[in-house]
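What the coordinates show
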Amino acid sequence: MKKKLVVFDVSNISEADLLRRSNSLADSLDKHAAELPNVEPTATELRAKASILSSKRVQVENLKAQIAELDQQIEIETDQLKDDIKSIGSYTESVVNKTNNWSLVQALGFRFKESASTNSELGVPLNLHFGEIEHTSGKLKVLFKPVDNANSYGIVFAYGDTPPTEWSQQAIKVLASSRKNYLSFDSGKRVWARVKAYGPNNTESDWSDVATRIVP
């Protein structure tokens, strides 16, 4: 007669289900003790192991609750310490500005706030070039690398064989950023262009290198 295999179903069982299964199995072993006289572990041993596991789980959950409470207390006390240092710093600031005892700031481990730099020299926009817009004529993408601290950009362009570097006066069109600039040009003509950056305190960069192409 072919042997039958018993499926245990414990490989992927959860801890809670394992405890229920163990206690339920122990009860069943008690009911069928006469049929399974030499079973190991016994029902009593199975219940004891399940009880130990359950007890340790309770300990773990209690410890987690304590850790969460301690973390909350640490967060509160950290904020209080920061506020205390700010309070001492503010008082020190008041004293040194009245007494001119500037060395007191460093002695307490503080430092003076650096004045905002008025040097707003801007870099020149780089890699100026035109890009085509798919299935579109009479319009081009104007592309270049953004400049640090730039608030906006100016572009000057014209058609023909003379690049802007040789123009004395040209109208400047302002661009809000270095991205998504789609400008209309005369289709079929060669356009020349250059850009500059505008920054804080009325600063502006030098002109970029010139870019040119025939407008589709």
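Residues numbered from 1 in each chain as written. Predicted model: local features only at pLDDT ≥ 70, side-chain atom pairs only at ≥ 80, totals over all residues. Heavy atoms only, no water.

Some remarks on the layout of surface pockets
- Estimated volume of the largest pocket: approximately 230 Å³.
- In terms of lining, the largest pocket is formed by 13 residues, of which the most central are G89, E93, V105, R111 and F112.
- Ranked by residues supplied to the lining of the largest pocket, first place goes to helix α2 (residues 43–99) with seven residues.
- Classifying every residue of the lining of the largest pocket gives five nonpolar, four polar and four charged. (1 Å grid on protein atoms, 1.4 Å probe; cavity = no way out; pocket = protein on both sides within 12 Å on 5 of 7 lines; lining within 4 Å. Points joined across faces, edges and corners; volume = space filled by probe spheres on them. Helix = DSSP H or I, 4+ residues; strand = E, 2+ residues; numbered from the N terminus. Nonpolar A, V, L, I, M, F, W, Y, C, P; charged D, E, K, R; others polar.)

Side note on the pattern of salt bridges
- Under the counting rule described, the total for this entry stands at nine salt bridges.
- Ionic pairing is found between D17 and R20, a salt bridge with its closest N-O pair at 2.2 Å. Here D17 pairs with R20, and both are found in helix α1 (residues 15–31), just three residues apart, close to one helical turn.
- Given the relative accessible area of 34%, D17 is considered partly exposed.
- The salt bridge involving K196 is made with E204; its shortest N-O contact spans 2.4 Å.
- On the basis of relative accessibility, which here comes to 9%, the residue K196 falls in the buried class.
- The network of salt bridges with shared partners includes E15, R57, E61 and K64. (Salt bridge = Lys/Arg side-chain N within 4 Å of Asp/Glu carboxyl O. Buried < 20%, exposed > 50% of the residue type's maximum accessible area, 1.4 Å probe, protein only.)

Describing the side chain of S205
- Here S205 shows up in the loop between β6 (190–198) and β7 (211–214).
- A residue is classified by how much of its surface remains accessible, and S205, at 4% relative accessible area, is buried.
- When sequence neighbours within four positions are dropped, the list of residues in contact with S205 reads L122, G123, V124, P125, K196 and A197. (Contact = heavy atoms within 4.5 Å.)

What about a nonpolar patch on the surface?
- On the surface, V6, F8, V10, L18 and L53 cluster together into a nonpolar patch covering about 450 Å² of accessible area.
- Summarising the element assignment, L53 is placed in helix α2.
- Here L53 falls in the partly exposed class, since its relative accessible area comes to 33%. (Patch = residues over 30% accessible without salt bridge, like charges linked within 9 Å, V, L, I, M, F, W, Y side chains within 5 Å. Areas by Shrake-Rupley, 256 points an atom, 1.4 Å probe, with all protein chains shown as cover.)

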